[in-house]
Amino acid sequence: EDISALGLRHVGYGIPTDLFGPFVTACVQVIRQITDNDAAEEAFRWSMSLISRILMRVINEGSTIVMKAINQNSGKQLKKAVGCAPRGK
């Protein structure tokens, strides 16, 4: 739940998903400098990779036409987006 909320905030920030891979790599490199424990490094890499995949999925699914209009802070685009956005019945 918290990770999904973080992903939706990233939608609002307009963070491109192609930055997640380099971010995870950089974080793992920092951990590698801090510890010699290979198991800890691998556990951190696994955790960060899992979290980044969840975030990317949330961002891809949450990047609706309405969210894009909100991010652009355009009332005109928001009205247009809401007018054509699918709604549940």
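Since we're looking at a predicted model, the values are computed, not measured.

**Student:** How should I be thinking about the overall build of the protein chain in this particular structure?
**Tutor:** Scanning the protein chain from N- to C-terminus turns up 5 helices and 0 strands. Counted from the first residue to the last, the protein chain has its helices and strands arranged as α-α-α-α-α. Looking at the protein chain as a whole, 19% of its 89 residues qualify as buried. Partitioning the intrachain contacts of the protein chain with sequence separation of at least 6 by distance along the chain shows that 62% fall at a separation of at least 24. By element, 59% of the accessible surface of the protein chain is carried by carbon and sulfur atoms, the whole surface being about 6,700 Å².

**Student:** What is the right way to read the confidence of the model for the protein chain from this model?
**Tutor:** Low pLDDT marks regions whose predicted coordinates should not be analysed in detail. In the predicted model, the protein chain carries a mean pLDDT of 85, and the fraction of residues at 70 or more is 90%. By mean pLDDT, helix 4 (residues 65–71) is the weakest element of the protein chain at 70, and helix 2 (residues 20–34) is the strongest at 96.

**Student:** Is there a simple way to explain helix 3 (residues 38–62) in this structure?
**Tutor:** Count 3.6 residues to each turn of an α-helix, and residues three or four apart come out pointing the same way. Across its 25 residues, helix 3 extends 36 Å between first and last C-alpha, which sits within 8% of the 36 Å expected from 1.5 Å per residue. For helix 3, the N-terminal cap is Asn 37; the gap from its side-chain oxygen to the backbone nitrogen of Ala 39 is 2.9 Å.

**Student:** Teacher, can you tell me more about the packing of helix 2 against helix 3 here?
**Tutor:** The angle between the axes and the distance between the axes are what describe a pair of packed helices. In contact at an axis separation of 10 Å, helix 2 and helix 3 are set at 160° when each is read in the N-to-C sense. Of the possible angle classes, the one that applies to helix 2 and helix 3 is roughly antiparallel. Along this stretch, helix 2 crosses helix 3, giving a crossing that reads as right-handed. Counted together, Phe 20, Phe 23, Val 24, Cys 27, Val 28, Ile 31 and Arg 32 of helix 2 and Glu 41, Phe 44, Arg 45, Met 48, Ser 49, Ser 52, Leu 55, Met 56 and Ile 59 of helix 3 form the full contact between these two elements. Along the lines of polarity and charge, the residues of the contact of helix 2 with helix 3 split into 11 nonpolar, 2 polar and 3 charged.

Rules used throughout
Residues numbered from 1 in each chain as written. Predicted model: local features only at pLDDT ≥ 70, side-chain atom pairs only at ≥ 80, totals over all residues. Heavy atoms only, no water. Helix = DSSP H or I, 4+ residues; strand = E, 2+ residues; numbered from the N terminus. Buried < 20%, exposed > 50% of the residue type's maximum accessible area, 1.4 Å probe, protein only. Contact = heavy atoms within 4.5 Å. Areas by Shrake-Rupley, 256 points an atom, 1.4 Å probe, with all protein chains shown as cover. pLDDT = per-residue confidence, 0-100. Expected span 1.5 Å × (residues − 1). Polar contact = N/O pair within 3.5 Å; in protein donor to acceptor, adjacent residues only side chain to side chain. Axes fitted to C-alpha atoms, helices over the stretch in contact; angles between N-to-C directions. Parallel < 35°, antiparallel > 145°, perpendicular 65-115°, else oblique. Left-handed = near helix turned anticlockwise from the far one by under 90°. Nonpolar A, V, L, I, M, F, W, Y, C, P; charged D, E, K, R; others polar.

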